[in-house]
Amino acid sequence: MLEVKSLSKSFGGIHAVQDIDFSVAKGSIVSLIGPNGAGKTTCFNLITGFYRPTRGQVLWDGADVTATNPHSMARLGVIRTFQKTNVLRNLTAFENVAHAQYLKGRTPLWRTFWPSSETAAVKKEISESSFAILELMGLGKRLHVEAGALSCGELRLLEVGVAIAAKPRLLMLDEPAAGLNTREAEGLAELLSALPGKWVDSILLVEHNMNLIMKVSDNIVVMNFGKKLATGTPAEIQHNEQVLEAYMGKA
Ligand code: ATP
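Described below are features of the structure shown in this document. (Residues numbered from 1 in each chain as written. Predicted model: local features only at pLDDT ≥ 70, side-chain atom pairs only at ≥ 80, totals over all residues. Heavy atoms only, no water.)

**Digging into the layout of surface pockets**
Inference 1: There is about 180 Å³ of room inside the second largest pocket.
Inference 2: Around the second largest pocket sit Leu 136, Met 137, Gly 138, Gly 153, Glu 154, Leu 157, Leu 180, Arg 183, Glu 184, Gly 187, Leu 188 and Leu 191, which together line it.
Inference 3: Mapped onto the lining of the second largest pocket, the elements with two or more residues apiece are helix H5 (152-165) and helix H6 (182-194).
Inference 4: When grouped by side-chain class, the residues that make up the lining of the second largest pocket number 6 nonpolar, 3 polar and 3 charged. (1 Å grid on protein atoms, 1.4 Å probe; cavity = no way out; pocket = protein on both sides within 12 Å on 5 of 7 lines; lining within 4 Å. Points joined across faces, edges and corners; volume = space filled by probe spheres on them. Helix = DSSP H or I, 4+ residues; strand = E, 2+ residues; numbered from the N terminus. Nonpolar A, V, L, I, M, F, W, Y, C, P; charged D, E, K, R; others polar.)

**Quick notes on H5**
Inference 1: Over its 14 residues, H5 runs 20 Å from end to end, which matches the ideal 20 Å to within 8%, given 1.5 Å per residue.
Inference 2: For H5, the tally of buried residues reaches 13 of 14 residues, placing the bulk of the element in the interior.
Inference 3: One or two steps after H5, the chain reaches Lys 167, where phi turns positive at roughly 55°. (Expected span 1.5 Å × (residues − 1). Buried < 20%, exposed > 50% of the residue type's maximum accessible area, 1.4 Å probe, protein only.)

**Things to note about the environment of Asn 90**
Inference 1: Position of Asn 90 among the secondary structure elements: in the loop between strand S6 (78-80) and helix H3 (93-103).
Inference 2: Classification of Asn 90 as exposed rests on a relative accessible area of 67%.
Inference 3: Residues Asn 90 and Glu 3, 87 residues apart in the sequence, show an inter-C-alpha distance of 38 Å.

**Remarks on H6**
Inference 1: Helix length check: H6 (13 residues) gives 19 Å between terminal C-alpha atoms against 18 Å at 1.5 Å per residue, within 8%.
Inference 2: Residues Ala 185, Leu 188, Ala 189, Leu 191 and Leu 192 constitute the buried set of H6. Projected down its long axis, H6 carries its buried residues within an arc of 165°, all on one side. In H6, the exposed positions that point more than 90 degrees away from the buried face belong to Arg 183 and Glu 190.
Inference 3: Lining the buried residues of H6 we find strand S3 (29-33), helix H4 (120-136), H5, strand S7 (170-174), strand S8 (202-206) and helix H7 (210-216).
Inference 4: Capping of H6 at its N-terminal end is provided by Asn 181; its side-chain oxygen lies 3.2 Å from the backbone amide nitrogen of Arg 183. (Arc of directions from axis to C-beta. Contact = heavy atoms within 4.5 Å. Polar contact = N/O pair within 3.5 Å; in protein donor to acceptor, adjacent residues only side chain to side chain.)

**Things to note about the environment of Met 1**
Inference 1: In this fold, Met 1 is placed in the segment before strand S1 (2-11).
Inference 2: Looking at Met 1, the relative accessible area reads 19%, which means it is buried.
Inference 3: With 145 residues separating them along the chain, Met 1 and Glu 146 place their C-alpha atoms 36 Å apart.
Inference 4: Among residues more than four places away in sequence, those in contact with Met 1 are Val 24, Ala 25, Lys 26, Leu 59, Trp 60, Asp 61, Arg 169, Leu 170, Asp 201 and Ser 202.

Without other data, these values stay purely geometric and don't point to any function.
Now the structure itself:
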């Protein structure tokens, strides 16, 4: 589905991403891991068209989509989140998800949530699907709470819900477990594992929480100083000497 080839990005003398190759197959969860500054978020920005690569290619279903703008990537079904939560804090959890669904393929609405011209059938479909997404996120009892009043853990879940509402084929999550406690991160891991095949085709994940990574990933790409250090299944990565030494700081 997604393939990156020799992806590279330099900012002046900083080689943030150098010759990165990996792919994400339909139905899989792939994780990009590595220490701070390894180049993970830059990879996200290159794939989603926020940055133009210095070199290399991004392929989507075999077609070259290198440096396609973020809006067009979203229309192709590549939806991402950001490290900083990005929900609309004055809207309720339900309104955030419903708004994201409504926006898919439409012009943003700034004044009215539902334009009077919208058909009852569309409103019903979006409402039902928003309830289902929030239930899936474990936010069924928090529907009518303003996003700004949600806890950090609830906000992270809402953000995943908003991304799912855009009906991604590839869901790209940038540190979705940041700020979550152990129990919340375990809940998130269960949720993510259940998404491919039903709500999304595949997931590409950047995350520092190793328990979550090891639980949910089919494949892991380890980056260090912009380069690919290793790739493999969680079991392979856990036993990779290079990774243990360079990334996990083996004693
Ligand atoms: P973290 O885990 O801390 O989020 P990361 O692996 O996502 O780190 P990046 O944010 O991709 O790392 O940064 C990789 C390198 O590129 C860093 O040295 C960073 O300072 C640099 N960098 C990233 N974006 C820019 C930019 N817009 N201009 C200059 N340098 C940048």
